[in-house]
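In case you want the letters, here they are:
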Amino acid sequence: MFRWYFRTNLLTRILIALILGVFLGMILGENTIHIKIFGDIFLRLLNMIVLPIIAFSLIVGAASVSPKKLGSIGIKVFLFYVLITLLAVIIGLVVSLGFHIGGLEYLNGGPSISSSKTIEVNQASFIDTLLQVFPTNIFKSFAEGQVLPVIFFSLLVGIALSILKENSSKRDEALLLFNIFNAFVEIIYKIVEWILEYAPIGVFALIAYTVGSQGAGVLKNLLVIISVMYLALILLVILIYAPLLYYAKCSPFKFFSKAKEAIITAFVTRSSSGTLPISMDVAERKLGVSKS
């Protein structure tokens, strides 16, 4: 049994776990509460590794880039993120409005809120988000799982390390520290591999509990909105990502085949932050994306 488990393709094991989990949830119903702990362990393991992989990967990544190129790379990443997000929003709105999905009553005579009050709330929200980027205590940010300040601090450390690597008087110390951080990244990735081996068990428990506690009817009731959502996602892949992949001289079929572990994990956990370790691992090891 164990020999088969570890030799079988991970995606195959996860898909089998999904199917078996659905059947077990339908059979046991709310009694699946007793196996929910195995799913909770999987989510905890993923969340455990999120901040370490963010911190060490960003430090090594930023330190791997020449100080002269950091600005141009940062601008390109920011513009790419904004453009892709804007296109995703447009596709989502067009599809949802076309199928009359969403709380459209609020667009037509729902609870009225003054425009000035809305502007005040948006300004306060923006200011709060902006301030959260700058940590007052980085150890507290780590302890509380605050991603934005950890990203900001890690980028600062990486940029400083990159500059010191160019400085001849501090070069040896900087290279030593860089190698230490790089070793930590490899250690984290090894832990991610172990977590992935446990993934089918966690997936099995999560799906079984979801179906068992909410009933198979929940899938039927949400079929329309789920179908519309997947239509929007398919359009996003075909209209946006496929042309970008072709432009980057990467086959979309090859890309999604190698990214399937991250996709399946995201589907099951419904957590982008929880999936981040797998996404980072897939990007570097399967897709060959450089640390920088």
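The structure reproduced in this document is the subject of the present report. (Residues numbered from 1 in each chain as written. Predicted model: local features only at pLDDT ≥ 70, side-chain atom pairs only at ≥ 80, totals over all residues. Heavy atoms only, no water.)

1. Quick notes on helix α2 (residues 10-28)
Thought 1: With 19 residues, α2 should reach 27 Å at 1.5 Å per residue; the first-to-last C-alpha distance of 26 Å fits that figure.
Thought 2: All buried positions along α2 are accounted for by Leu10, Leu11, Arg13, Ile14, Ala17, Leu18, Gly21 and Gly25. With its buried residues spanning 145 degrees around the axis, α2 presents them on a single face. Away from its buried face by more than 90 degrees, α2 exposes Ile19, Phe23, Met26 and Ile27.
Thought 3: Glycine 29 occupies a position one or two residues after α2 and carries a positive phi of about 65 degrees. (Helix = DSSP H or I, 4+ residues; strand = E, 2+ residues; numbered from the N terminus. Expected span 1.5 Å × (residues − 1). Buried < 20%, exposed > 50% of the residue type's maximum accessible area, 1.4 Å probe, protein only. Arc of directions from axis to C-beta.)

2. Here we look at the packing of helix α7 (residues 147-166) against helix α8 (residues 171-214)
Thought 1: Closest axis-to-axis distance for the α7/α8 pair is 8 Å, and the angle between their directions is 140 degrees. Classed by the angle they form, the pair α7 and α8 counts as oblique. Helix-helix and strand crossings are classified by hand; for α7 and α8 the assignment is left-handed. Of the residues in α8, those in contact with Val157, Leu161, Leu164 and Lys165 of α7 are Arg171, Ala174, Leu175, Leu177, Phe178 and Phe181.
Thought 2: Of the residues in the contact of α7 with α8, the class split is eight nonpolar, no polar and two charged. (Axes fitted to C-alpha atoms, helices over the stretch in contact; angles between N-to-C directions. Parallel < 35°, antiparallel > 145°, perpendicular 65-115°, else oblique. Left-handed = near helix turned anticlockwise from the far one by under 90°. Contact = heavy atoms within 4.5 Å. Nonpolar A, V, L, I, M, F, W, Y, C, P; charged D, E, K, R; others polar.)

3. Quick notes on the pattern of salt bridges
Thought 1: Evaluation of the coordinates by the stated rule reveals six salt bridges.
Thought 2: Notably, a salt bridge pairs glutamate 197 with arginine 13, separated by 2.9 Å at the nearest N-O pair. Of this pair, glutamate 197 sits in helix α8 while arginine 13 is found in helix α2, placing the two residues 184 residues apart along the sequence.
Thought 3: Judged by relative accessible area, which is 28%, glutamate 197 ranks as partly exposed.
Thought 4: The exposure class assigned to arginine 13 is buried, which follows from its relative accessible area of 4%.
Thought 5: Between lysine 190 and glutamate 193 there is a salt bridge, and its shortest N-O distance comes to 3.1 Å. Pair noted here: lysine 190 and glutamate 193 are both in helix α8, with a separation of three residues, about one helical turn.
Thought 6: According to the relative accessible area criterion, lysine 190 is partly exposed, its value standing at 39%.
Thought 7: The structure contains a network of salt bridges with shared partners spanning Glu186, Asp281 and Arg285. (Salt bridge = Lys/Arg side-chain N within 4 Å of Asp/Glu carboxyl O.)

4. A few points about helix α3 (residues 36-63)
Thought 1: Look at α3: 41 Å from first C-alpha to last across 28 residues, which is about the 40 Å you get at 1.5 Å a residue.
Thought 2: Its axis deflected by about 30 degrees at valine 50, α3 carries its strongest bend there, up to four residues before the proline proline 52. (Bend = angle between axes of the 7 residues up to and from the residue.)

5. Examining the side chain of serine 96
Thought 1: Looking at the element boundaries, serine 96 is found in helix α4 (residues 67-98).
Thought 2: Residue serine 96 is classed as buried on the basis of its relative accessible area of 17%.
Thought 3: A distance of 2.9 Å separates the side chain of serine 96 from the backbone oxygen of glycine 92, its partner in a polar contact. (Polar contact = N/O pair within 3.5 Å; in protein donor to acceptor, adjacent residues only side chain to side chain.)

6. Focus: the layout of surface pockets
Thought 1: Considered as a void within the structure, the second largest pocket measures approximately 220 Å³ in volume.
Thought 2: Forming the walls of the second largest pocket are Met1, Phe2, Trp4, Tyr5, Arg13, Ile16, Ala17, Leu20, Pro200, Ile201 and Phe204.
Thought 3: At the level of elements, α1 (2-7), α2 and α8 are the ones that each hand at least two residues to the lining of the second largest pocket.
Thought 4: Its residues placed into classes, the lining of the second largest pocket shows ten nonpolar, no polar and one charged. (1 Å grid on protein atoms, 1.4 Å probe; cavity = no way out; pocket = protein on both sides within 12 Å on 5 of 7 lines; lining within 4 Å. Points joined across faces, edges and corners; volume = space filled by probe spheres on them.)

7. Digging into the nonpolar core
When a protein is soluble and globular, its nonpolar side chains tend to lie buried together.
Thought 1: If you look at the biggest cluster of nonpolar residues, it comprises 40 residues, and the most contacted ones within it are Phe42, Leu161, Val192, Val203 and Ile278.
Thought 2: Breaking this core down by element, the ones donating at least two residues are α2, α3, α7, α8, α12 (260-269) and α13 (272-286).
Thought 3: Top element by residues in this core is α8. It accounts for 15 residues.
Thought 4: Beyond its immediate sequence surroundings of up to four residues, valine 192 is in contact with Ile49, Ile53, Pro277, Ile278 and Asp281.
Thought 5: The next biggest cluster of nonpolar side chains, apart from the first, holds seven residues, and it includes Ile84, Ile91, Leu236 and Ile240. (Core = buried A, V, L, I, M, F, W, Y, C linked by side-chain atoms within 4.5 Å.)

Note that all results are geometric; they support no functional claim without further evidence.
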